[in-house]
Amino acid sequence: MLIVGEGHDEERFLRHVKALYVSRGCGLMVTVGNARGKGARHVIDWTARQAANQRYDKIAALLDTDTDWSPAVAATARKKKIVVLKSEPCLEALLLRILGHVPVGDAESLKRQWRAIIGDPADIKRHAALFTTPVLEASRGREPAIDGLLGLLRSAARS
């Protein structure tokens, strides 16, 4: 399985979730990639190029919908068989909602709200403390991106 995050923060979050849900030696190989930003179209194009170089059973991309997301990009993702996990409108809003906060404002405001909670976004221990399995499971009913991500990991682990 290939799961691509739009940028560094998505990649860190995906790596954390992978560590929770995919145990070593389970027979499932999950590759987490980083498209390095530049909007939804770039993420889908980058993901498709990575998938073309390898054989993956499933391909997904976690991306923001506030930049460059359109019906045409969605159609390209469907054509390339990429499951889109949409952070609406951005990852920071998604992460805030998972933790029970009500995100308010534009993308920059949401980034500030998130940074106030996470501190150093590169601190993997902070992700582990905040995003436990029970917290992620509790968000499944309210967050389609998390429901989709966890569903992909679980279905692949059963295959």
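Above this text you will find the structure in question.
First, a word on what this report is: a plain description of the structure on this page. (Residues numbered from 1 in each chain as written. Predicted model: local features only at pLDDT ≥ 70, side-chain atom pairs only at ≥ 80, totals over all residues. Heavy atoms only, no water.)

On to the side chain of arginine 12. Inspection of the secondary structure assignment puts arginine 12 in helix H1 (residues 8-21). A polar side-chain atom of arginine 12 sits 2.8 Å from the main-chain carbonyl oxygen of proline 121. With near-sequence residues (within four places) excluded, arginine 12 lies in contact with Pro121, Ala122, Ile124 and His127. (Helix = DSSP H or I, 4+ residues; strand = E, 2+ residues; numbered from the N terminus. Polar contact = N/O pair within 3.5 Å; in protein donor to acceptor, adjacent residues only side chain to side chain. Contact = heavy atoms within 4.5 Å.)

For any pair of aromatic rings, geometry is given as the distance between the ring centres together with the angle between the planes. In this structure the tally under the stated criterion is two aromatic pairs. Here the aromatic rings of phenylalanine 13 and phenylalanine 131 are separated by 5.4 Å at their centres, their planes lie at 80°, and the arrangement is edge-to-face. Of the two residues, phenylalanine 13 is situated in helix H1 and phenylalanine 131 in the loop between helix H6 (124-130) and helix H7 (133-139); the sequence distance between them amounts to 118 residues. On the numbers, 5.9 Å between centres and 40° between planes, the contact of tryptophan 114 with phenylalanine 131 is tilted. In this pair, tryptophan 114 is assigned in helix H5 (residues 107-118) and phenylalanine 131 in the loop between H6 and H7, connecting sequence segments 17 residues apart. Following the ring pairs from residue to residue traces out a cluster consisting of Phe13, Trp114 and Phe131. (Phe/Tyr/Trp six-rings, centres within 6.5 Å; stacked < 30°, edge-to-face > 60°.)

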